[in-house]
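Here are the chains, one letter per residue:
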Amino acid sequence: MKWSEICVHTTQQAVEAVSNLLHEVGAQGVVIEDVEDYDQMMAEDHFGEIWDVSGRESYPTSGVYVKAYVPASSDFQDTLAAFRKEVDRLRDILDIGSGDVTVAELDEEDWAHSWKQYYKPVKISQQLTIVPLWEDYEPQPEENVILLDPGMAFGTGTHPTTMLCIQAIENYIQPGDRLIDVGTGSGVLAIAAAKLGASHVEALDLDTVAVESARQNVETNGVEAFVAVNTGDLLKGMDGTYDLVVANILADVILLFIDDAYDRVKQGGYFITSGIIGQKRAEVAEALQTAGFVIEETRVMEDWVAIIAKKG
């Protein structure tokens, strides 16, 4: 079987938006190549991260490569043309850099190697380590392992926005807390919350592919008794109050449902937001405060920001 590798040369802030577009055209996973990540990885031990990667010369000198793999088909060129138009439309809301889209053809064996070589066990917080399903890994006594197949939905746990969010959950969650994960993707945040002691997690996503992927990952990790994965458009239709609401999505989307989040967070609870580029930090913080939240803490990793806001 033949596969087509689609590569988009873009910016860090556009990674999530481009990744979502790639999934919409049938991508089975995304690979993010950022030379800044490579240099940082080589320079320091960042939460014990372990990657098996090629040399620096394969990375872009500026910006980011977002790569994805889709099955070759007779209508691929039409799909590609439509995808290029959608990437161009992102320019209206995001700095996407050059936005160049290139394509390479791979055999199935090559695709499997290209996809899996990028994902190795990653220690993302003091307690949690993400391990791809195909890796043999012997955890340390203090480690709590999340088994993940990152091929079906965006959210491998290795991106700074996800790491910031999980680290915040680890710091603020209490045993027995109830939580909503808005835009769950692969389900990694919901699984992390369950493993950290949540009694119930509502994991929501508008993408049916993400919902199915999250359900599979929840079952793989044995936390289906604590995590309910459902199709949901942000917080529409949700009622009741929760100890924590978390959202690792674009800042522009977070701004759409801050008032709804305020209604869903119980008094003294927290709204944890991530996926915020540095330029949007002040706008999101101001909107949170206007809604009635108090900014408890702001965390930064590279160009990304997570804001932890408390109700009351």
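Small disclaimer: the values here were computed from a predicted structure and weren't measured. Residue numbers restart at each chain and count upward from 1, following the sequence in its written direction. Predicted model: local features are reported for residues with pLDDT of at least 70 only, side-chain atom pairs are reported and counted for 80 or more only, and whole-chain, interface and lining totals are derived from all residues. Here the side-chain values reflect all heavy atoms present in the structure, with hydrogen atoms and water set aside.

1. Some remarks on the nonpolar core
Piece 1. Nine residue types can take part in a nonpolar core, namely buried Ala, Val, Leu, Ile, Met, Phe, Trp, Tyr and Cys, and a core is a set of them joined through side-chain atoms within 4.5 Å. The rule is simple: take the accessible area with a 1.4 Å probe, protein chains only, and divide by the maximum for that residue type; under 20% is buried, over 50% is exposed, in between is partly exposed. Ranked by internal contacts, the top residues of the largest apolar core, which has 41 residues, are I169, V227 and I272.
Piece 2. Here, residues are in contact when the closest pair of their heavy atoms is within 4.5 Å. Apart from the residues within four sequence positions on either side, I272 is in contact with C165, A168, I169, L244, V245, V246, A247, I307 and I308.
Piece 3. Among the nonpolar cores identified, the runner-up in size contains 26 residues, and V182, A251, A285 and F293 belong to it.

2. Structural notes on the packing of aromatic side chains
Piece 1. For this analysis, a ring pair means two rings from Phe, Tyr or Trp (six-membered ring only for Trp) whose centres lie within 6.5 Å, classed as stacked if their planes differ by under 30 degrees, edge-to-face if by over 60, and tilted for the remaining angles. The tally for this structure, following the rule as stated, stands at four aromatic pairs.
Piece 2. Where Y262 meets F293, the ring centres are 5.1 Å apart and the plane angle is 80 degrees; that geometry is what we call edge-to-face. Separated by 31 residues along the polypeptide, Y262 in helix 9 (residues 258-264) and F293 in strand 13 (residues 293-301) bring together distant segments of the chain.
Piece 3. Take F293: its relative accessible area is 3%, and that puts it in the buried class.
Piece 4. An aromatic cluster is present here, built from F257, Y262, F271 and F293 joined pairwise through their rings.
Piece 5. Over the ring of Y242 we find R178; its NZ or CZ atom is 4.3 Å from the centre of that ring.
Piece 6. Only Lys NZ and Arg CZ are tested; either one counts as a charge over a ring when it is within 6 Å of the ring centre and within 35 degrees of the ring normal. We note K311 situated over the ring of Y262; from NZ or CZ to the ring centre the distance is 4.4 Å. Starting at the N terminus, helices and strands are each numbered in turn, a helix being any DSSP run of H or I of at least four residues and a strand any DSSP run of E of at least two.

3. Considerations on the sheet that holds strand 12 (residues 265-277)
Piece 1. DSSP-based pairing: two strands are paired if at least 2 bridges between them are found. In spatial order, the strands read 10-9-8-11-12-14-13; together these seven strands make up an open sheet with mixed pairing. Where the open sheet ends on each side, the last strands, each with one partner, are strand 10 (227-231) and strand 13. Averaged over all neighbouring strand pairs, the angle between strand axes comes to 15 degrees, with direction disregarded.
Piece 2. All axes here are fitted lines through C-alpha atoms, helices being fitted over the stretch that makes contact, and every angle between N-to-C directions spans 0 to 180 degrees. Lying over the sheet, helix 5 (residues 160-172) contacts strand 11 (242-248), strand 12, strand 13 and strand 14 (304-311), oriented at roughly 130 degrees with respect to strand 13.
Piece 3. On top of the sheet, helix 10 (residues 281-291) reaches strand 12, strand 13 and strand 14; it is set at about 160 degrees to strand 13, its chief contact.

4. Concerning the pairing of strand 2 (residues 30-34)
Piece 1. Most of strand 2 is tucked away: four of the five residues are buried.
Piece 2. In terms of strand pairing, strand 2 meets strand 3 (residues 64-71) through five bridges, oriented antiparallel. Bridge pairing links D34 to V64 in strand 3.

5. A word on the confidence of the model for the protein chain
Piece 1. Summary of the metric used: pLDDT quantifies the predictor's per-residue confidence within the range 0 to 100. Summary statistics for the protein chain give a mean pLDDT of 84 and a share of 84% for residues scoring 70 or more.
Piece 2. For the protein chain, helix 2 (residues 35-43) is the element with the lowest average pLDDT, namely 53, and strand 8 (residues 178-182) is the one with the highest, namely 97.
Piece 3. The model gives residues 41-56 a pLDDT under 50, and that stretch makes 32 contacts with residues more than four places away or in other chains.

6. Examining the sheet that holds strand 7 (residues 144-148)
Piece 1. In space, the three strands of this open sheet follow the order 5-6-7, with mixed pairing throughout. Each edge of the sheet is formed by a strand with only one pairing partner; in this case those strands are strand 5 (122-123) and strand 7.
Piece 2. Pairing of strand 5 with strand 6 (residues 128-132), which is carried by two bridges, proceeds in the antiparallel orientation. Bridge pairing in strand 6 places V122 opposite I130.

7. Regarding the environment of S199
Piece 1. As for its placement among the helices and strands, S199 is situated in the loop between helix 6 (188-195) and strand 9 (200-205).
Piece 2. Between the C-alpha atoms of S199 and L179, which are 20 residues apart in sequence, the distance is 8.4 Å.
Piece 3. Setting aside residues no more than four positions away along its own chain, S199 makes contact with G176, D177, R178 and F226.

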